[in-house]
Each structure stands twice: as structure tokens, then as C-alpha cells.
Amino acid sequence: MSERGRGDCSALDETGRGVRGHGVQRARATTGEWPGGRQDSDGQRRVDVPGRGVPRHVACVMDGNGRWAQRRSLPRTAGHQAAETTVIDIIEAARAAGVEWLSLYAFSTENWNRPGSEIDYLMRLVRRVVRKHATLLLARGIRCRFLGAADPRIPRELAQDFEDLETLTADNRGMTLTVAFDHGGRRDIVEAAKSLIRSGTSAEEVTEQLFAHHLPFSDTPDVDLVIRTSGEQRISNFMLWQVAYAEWIFPEALWPDFRAPDFLACLHTYRRRERRFGGVPPQTNGDTS
């Protein structure tokens, strides 16, 4: 993650205060349970989702916070606040269902065009959420990363919290949670092209695999399933390279109303689809009839 995380970053305890050294060890010994969790003997919560394979990488476009608030005659900020419960619910549902990679679209490069008061609120809210749930994310074995987060307008304290959470959870080997914050798919592609040019790679040497290696977090697998809530059907500049062959599902529920059963229903829908990647089913391959 660029230069972030290379320094001596403080960990975060469950009260949101920074802790160093022994504090990180203390956090690693902490166990926690989000509401509604059922643990097996190994301490992991399980959800039985029958059928063929769970998508390895699921991405969510968390859409509808503003409309949720508007329908209740509340300020837009109330919708963003209500979204926190959904975020935690979906993280837990994905981990329990066996999803290995979960990506959440929290703030785009275009979201800087929103009113300044809303942006300021979002920055404060995200900081509170990160600090509040850091210890539980660690205890659940979830590795956390932030895709983007490069704009100097991001408050320094929030950028530090991002670094701290990445450092705190870096050794986790459970699900990888990627929060796309100040993210733009086009920007990532442009930066990858610049990186290739700076490396002295000739045009003839460029392949899709080599290009992907220059994208941020190049170890991230392609997205298998994208869930965009609120019924809107747009890509919105989200992980453009990684979603090239993703399946898309567009639940009508607004993000603050979206819950674990809705997420699991999306997984079931995904499993009923036949992913062809531009080909045809084996039984019709070569059949010109």
C-alpha cells in the first residue's frame, strides 16, 4: 500500500485509543463476537450454504444510504450512520459462508464532488467505525486493506487509522477485507500503465498478466460476484479491471436495509448461474445446430 504501513504504526484497541508493542499483543489475545454469531469448537462462526462452490471474491457497491434517509425524512448523514450495522453484518456473513475476499466500495474518487459537510461527516464516521471494530476484525482473523486512500484531502488522522488497521491485521490468514476508499477504477488502470512505462517495459512485452501485476494489491483475485444494492445498475468506476467477468446482482434493498439473509440469497443466485467466460456450455461446444 504505497508508503503507508512502513513506519512504526500504532495498533488500535477496542476503545479507539492507539496502543503500541504490548498493546498489539493484548489485542491479539482478545476474542469477540459480533451479534448473532454461532461459534463451533474452533471458534469460527459457521453458516451452512448448500450447493456448489462459494464465490471466492465478492464485492459490494454499498448504494442507497441517502435514499434510505430521505424516505424517513432524515438528513443524508443518518443513512450513512445506519450503514454501519449492514457493513458489520455482511462482513460476518461473508466470512462465515467461506468467502475468501470481500471488497466494499465505501468512497469513490467522484464522491469528492459531494457537499463539504457530508464529506466531513463521512470522514469522521469512517474513522469512528475503523477504531471501534479494529479489535474484533483482528480477533476474527480478517486481514484489512484500503484500496485508494491517496488523496491529500483525507484527514491525516484517518489515513493513520487506515495504516494502523492494516498493520494490526497484516498477519491474519482468514478472509481479506478490502475497503475501496477514495478509489477509482480508471485511476488504478492509469497508474498501472505509468508503472509499466517507468519499469522500461516495451509494448511487445505487455501482457494482461503483466499489466495486472502493476495494479494496486496485485495479489487480489478477479471478482466473482458484485452485489450492488438499491436496484441501481451501474459499475460506477469500481475495480474496472477486476470485475471484467464478474456476475452482477442488483437487490432492490437499500444498503442500510441489506442483511446477512439477503447476502446469502445473492450467493445462492450466483451458484445457479453458469459462468462461461465467453465460451459455451461443454455439451454444446462445437455443435453448430
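Please refer to the structure placed before this passage.
Definitions and cut-offs
Residues numbered from 1 in each chain as written. Predicted model: local features only at pLDDT ≥ 70, side-chain atom pairs only at ≥ 80, totals over all residues. Heavy atoms only, no water. Core = buried A, V, L, I, M, F, W, Y, C linked by side-chain atoms within 4.5 Å. Buried < 20%, exposed > 50% of the residue type's maximum accessible area, 1.4 Å probe, protein only. Helix = DSSP H or I, 4+ residues; strand = E, 2+ residues; numbered from the N terminus. Contact = heavy atoms within 4.5 Å. Phe/Tyr/Trp six-rings, centres within 6.5 Å; stacked < 30°, edge-to-face > 60°. Axes fitted to C-alpha atoms, helices over the stretch in contact; angles between N-to-C directions. Parallel < 35°, antiparallel > 145°, perpendicular 65-115°, else oblique. Left-handed = near helix turned anticlockwise from the far one by under 90°. Nonpolar A, V, L, I, M, F, W, Y, C, P; charged D, E, K, R; others polar. Pairing = 2+ DSSP bridges. Right-handed = clockwise from strand over helix to strand, strands pointing away. Expected span 1.5 Å × (residues − 1). Bend = angle between axes of the 7 residues up to and from the residue. Salt bridge = Lys/Arg side-chain N within 4 Å of Asp/Glu carboxyl O.

> Would you take a moment to explain the nonpolar core for this structure?
If you look at soluble globular proteins, the nonpolar side chains tend to sit buried side by side. Membership of the largest hydrophobic core comes to 47 residues, with the highest contact counts inside it found for Val 58, Cys 60, Ile 91, Leu 102, Leu 177, Phe 181 and Phe 263. Considering every element that reaches this core, the biggest residue donor is helix 4 (residues 116-139), with eight residues. Leaving out residues up to four positions away in the same chain, Cys 60 has contacts with Ile 90, Leu 102, Ser 103, Leu 104, Tyr 105, Ile 227, Phe 238, Trp 255 and Phe 263. Core analysis: the next-biggest nonpolar cluster, separate from the first, contains 13 residues, Leu 147, Val 223, Val 226 and Trp 248 among them.

> Sorry if this is basic, but what is going on with the packing of aromatic side chains here?
Any two aromatic rings considered together are summarised by their centre-to-centre distance and by the angle between their planes. Within the structure shown, the criterion is met by eight aromatic pairs. On the basis of an interplanar angle of 15° and a centroid distance of 4.4 Å, the ring pair of Tyr 105 and Phe 238 is categorised as stacked. One end of the pair, Tyr 105, is in strand 4 (residues 101-108); the other, Phe 238, is in the loop between strand 7 (225-228) and strand 8 (247-249), with 133 residues separating them in the sequence. For the pair Tyr 105 and Phe 238, a shared accessibility class is recorded, and that class is buried. Here Phe 107 and Phe 181 contribute two aromatic rings whose centre-to-centre distance is 5.2 Å and whose plane-to-plane angle is 25°, an arrangement assigned as stacked. On the criterion of sequence distance, the pair formed by Phe 107 in strand 4 and Phe 181 in strand 6 (residues 176-183) is long-range, its members being 74 residues apart. With relative accessibility at 1%, the residue Phe 181 sits in the buried group.

> It is not clear to me how the packing of helix 3 (residues 76-97) against helix 8 (residues 260-271) should be interpreted in this structure. Could you clarify?
Each pair of packed helices gets described by two things: the angle between the helix axes and the distance between those axes. Remark: helix 3 packs on helix 8, axes separated minimally by 9 Å, with the N-to-C direction vectors making an angle of 45°. Put simply, helix 3 runs oblique to helix 8. As for how helix 3 packs across helix 8, the hand of that crossing is right-handed. Of the residues in helix 8, those touching helix 3 at Asp 89, Ile 90, Ala 93, Ala 94 and Ala 97 are Ala 260, Phe 263, Leu 264 and Leu 267. Looking at the contact of helix 3 with helix 8, its residues break down into eight nonpolar, no polar and one charged.

> I would appreciate a short explanation of the sheet that holds strand 4 in the present structure.
Strand pairing in a sheet relies on backbone hydrogen bonds. The paired strands run either parallel or antiparallel. Taken in spatial order, the six strands line up as 5-6-4-3-7-8 in an open sheet, and their pairing is parallel. Single-partner strands in this sheet number two, and they are strand 5 (143-148) and strand 8. Going from strand to strand, the sheet's axes swing by 20° on average, the running direction of each strand aside. This element, helix 3, spans strand 3 (57-61), strand 4 and strand 6 of the sheet and lies at about 160° to strand 4. Running over the sheet, helix 5 (residues 156-169) touches strand 5 and strand 6 and is turned about 140° from strand 5.

> Would you take a moment to explain the pairing of strand 6 for this structure?
Looking along a regular strand, one sees side chains alternate from face to face of the sheet. Judged by how many residues are buried, strand 6 sits mostly within the fold: eight of eight residues are covered. Regarding topology, helix 5 serves as the crossover connection from strand 5 to the parallel strand 6, and that connection is left-handed.

> Mind showing me how you'd approach the side chain of Glu 84 here?
Checked against the element boundaries, Glu 84 lands in helix 3. Filtering out sequence-adjacent residues up to four positions away, Glu 84 remains in contact with Arg 128, Val 129, Lys 132 and His 133.

> Which parts of the structure should I look at to understand unusual backbone geometry?
Although it is not a glycine, Phe 217 sits at a positive phi angle of roughly 50°. Secondary-structure assignment places Phe 217 in the loop between helix 7 (208-213) and strand 7. A residue is classified by how much of its surface remains accessible, and Phe 217, at 16% relative accessible area, is buried. Here the phi dihedral of Asn 237 falls at roughly 65°; this positive angle occurs in a residue that is not glycine. Of note, Asn 237 is situated in the loop between strand 7 and strand 8. The exposure class of Asn 237 is buried, given its relative accessible area of 13%.

> I'm lost on helix 3 in this one. Help?
Every α-helix carries 3.6 residues per turn, so stepping three or four residues along brings you back to the same face. Its 22 residues place the ends of helix 3 32 Å apart at the C-alpha level, agreeing with the 32 Å of an ideal helix rising 1.5 Å per residue. Glu 84 marks where helix 3 bends most, by close to 25°. Most of helix 3 sits inside the fold, with 17 of its 22 residues counted as buried. Positive backbone phi, at 100°, marks Gly 98, one or two positions downstream of helix 3.

> Whenever I open this one, the pattern of salt bridges confuses me. Can you help?
Any two side chains of opposite charge can pair, given that their charged atoms come close. Per the counting criterion, the structure on display carries 21 salt bridges. Across the pair Glu 84 and Arg 128 runs a salt bridge whose closest N-O atoms are separated by 2.7 Å. With Glu 84 in helix 3 and Arg 128 in helix 4, the pair connects residues that are 44 residues apart, well separated along the chain. A residue is classified by how much of its surface remains accessible, and Arg 128, at 36% relative accessible area, is partly exposed. Arg 234 is the partner of Glu 232 in a salt bridge, and the nearest nitrogen-oxygen pair spans 2.7 Å.

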